[in-house]
There are 2 protein chains.
Amino acid sequence: MLKSSTPPPMPAEPTQARRFSKARAAQSYALLEDYVELIDDLLTATGEARATDIARRLGVSHATVVKTIGRLKREGLATSLPYRGVFLTPAGETLANKSRARHRLVVAVLTAIGVPPEAAEQDAEGLEHHISPATLRAFAAFLKKQP
Amino acid sequence: MLKSSTPPPMPAEPTQARRFSKARAAQSYALLEDYVELIDDLLTATGEARATDIARRLGVSHATVVKTIGRLKREGLATSLPYRGVFLTPAGETLANKSRARHRLVVAVLTAIGVPPEAAEQDAEGLEHHISPATLRAFAAFLKKQP
DNA sequence: CAAAAAGTGTAGCCAAGGCTACATATTGGA
DNA sequence: TCCAATATGTAGCCTTGGCTACACTTTTTG
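Here the structure is a predicted model, which means the values were calculated and not measured.

Cut-offs and rules
- Residues numbered from 1 in each chain as written.
- Chains lettered and ligands numbered in written order.
- Predicted model: local features only at pLDDT ≥ 70, side-chain atom pairs only at ≥ 80, totals over all residues.
- Heavy atoms only, no water.
- pLDDT = per-residue confidence, 0-100.
- Contact = heavy atoms within 4.5 Å.
- Near = heavy atom within 4 Å.
- Polar contact = N/O pair within 3.5 Å; in protein donor to acceptor, adjacent residues only side chain to side chain.
- Helix = DSSP H or I, 4+ residues; strand = E, 2+ residues; numbered from the N terminus.
- Nonpolar A, V, L, I, M, F, W, Y, C, P; charged D, E, K, R; others polar.
- Buried area = accessible area lost by both parts, 1.4 Å probe.
- Salt bridge = Lys/Arg side-chain N within 4 Å of Asp/Glu carboxyl O.

**Looking at the confidence of the model for chain A**
Logical step 1: When pLDDT is averaged across chain A, the result is 90; 90% of the residues are at 70 or more.
Logical step 2: Between residues 1-12 of chain A, whose pLDDT stays under 50, and residues either more than four places distant or in other chains, the model counts 7 contacts.

Encoded structure:
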């Protein structure tokens, strides 16, 4: 054994590992959430969601968008026909609505706490994907009694 | 032009693209922050930080850890000698301290808002990497006047 | 002090999410 | 109507952050 002169450092701590894994997993879904939310926006606003529009909005190449749309389809969140834009499946719409609601709630809480609006919007973009249901409930409760 | 029957949907919106890029960039640094913080913990607690310990703590294979340590070294945050563990450069220590302080602040704010402790810890793990300086200041101010 | 155990390193694989470059569809307009 | 502009698709490349498998050091221990 390599130099275990020091006592058993910390008790194996599966806790940190679990938290870390969850955070990683959340991250892997974050992009999909951003996409369905944006696609839903575009569908509502203009009746269609084209790869190029999405690319422009996200500041990413259209090739990247096409590839990600492929992933959305594999995950059952979207459908598309060649040269005919993207549409959301019911699962995709549900996710879009949930994401948007959560985004708004996060921004509202940050603002209520005193975060400047622009910073609140910016940070929410990254934060929102890591908010658990429990935290979401706490946020809602906080807003209710903090008008 | 493909069916732009509808009027210019939304005004090109570089804003969203910018936010999205920032969130992506923050994410790419998140892992490094987690590593330096953990390495600092291990060094403080036991005097050394070995790849296997880190792997156990993060629930990841040692090979993954070794590779990431390589990245830490490339970024000037850590040093290491073959078979002799990892150490932080001054830059690495600074980052570790900043990360830890931020983590604690995030947990404190979440708790103050009414998020259950375990959820606060879990969510902070993912959130903390997306908190801007402005938001951090707002958090500190909020805690001060909300005892 | 030699063998077993444990840590470390390296190679090669994978998927995700970027990119550029090039090929193919579609459509608006001259 | 046909052609140029724009969208879309596809291929190939890169980096990250995972993994397993195998080789090699270093400690422990019998």
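There is more to say, and it comes next.
**With respect to the protein's contact with DNA strand C**
Logical step 1: Among the 27 residues in the neighbourhood of DNA strand C, the closest are listed as K67 and R71 of chain A together with R24, R50 and T52 of chain B.
Logical step 2: Backbone atoms, meaning sugar and phosphate, make up 70% of the atoms of DNA strand C lying within 4 Å of the protein.
Logical step 3: In this structure, a sugar or linking oxygen belonging to DNA strand C sits 2.8 Å away from a side-chain N or O atom of Y83 of chain A.
Logical step 4: Between DNA strand C and A51 of chain B, the relevant distance is 3.4 Å, taken from a phosphate oxygen to a main-chain nitrogen or oxygen of the residue.
Logical step 5: Per-element tally for the surface near DNA strand C: the top contributor is helix α3 (residues 62-74) of chain A, with 5 residues.
Logical step 6: In terms of residue class, the surface near DNA strand C is built from 13 nonpolar, 6 polar and 8 charged.

**Comments concerning the interface of chain B and chain A**
Logical step 1: If you look at the interface, chain B gives 49 residues, while chain A gives 49 residues.
Logical step 2: Buried surface at the junction of chain B and chain A, both sides included, amounts to about 4,700 Å², of which 60% is carbon and sulfur.
Logical step 3: Among the residues chain B hides against chain A, the three largest losses belong to R19, F20 and R57 of chain B. Together they make up 15% of the total.
Logical step 4: Across the contact surface, chain B and chain A share 6 salt bridges.
Logical step 5: Put simply, E118 of chain A and R18 of chain B hold a salt bridge, and the shortest N to O gap is 3.9 Å.
Logical step 6: At the level of elements, α1 (14-46), α2 (51-58), α4 (90-113), α5 (117-127) and α6 (133-144) of chain B are the ones that each hand at least two residues to the side of chain B that touches chain A.
Logical step 7: Among the elements that line the side of chain B that touches chain A, the one with the most residues is α1 of chain B, at 15 residues.

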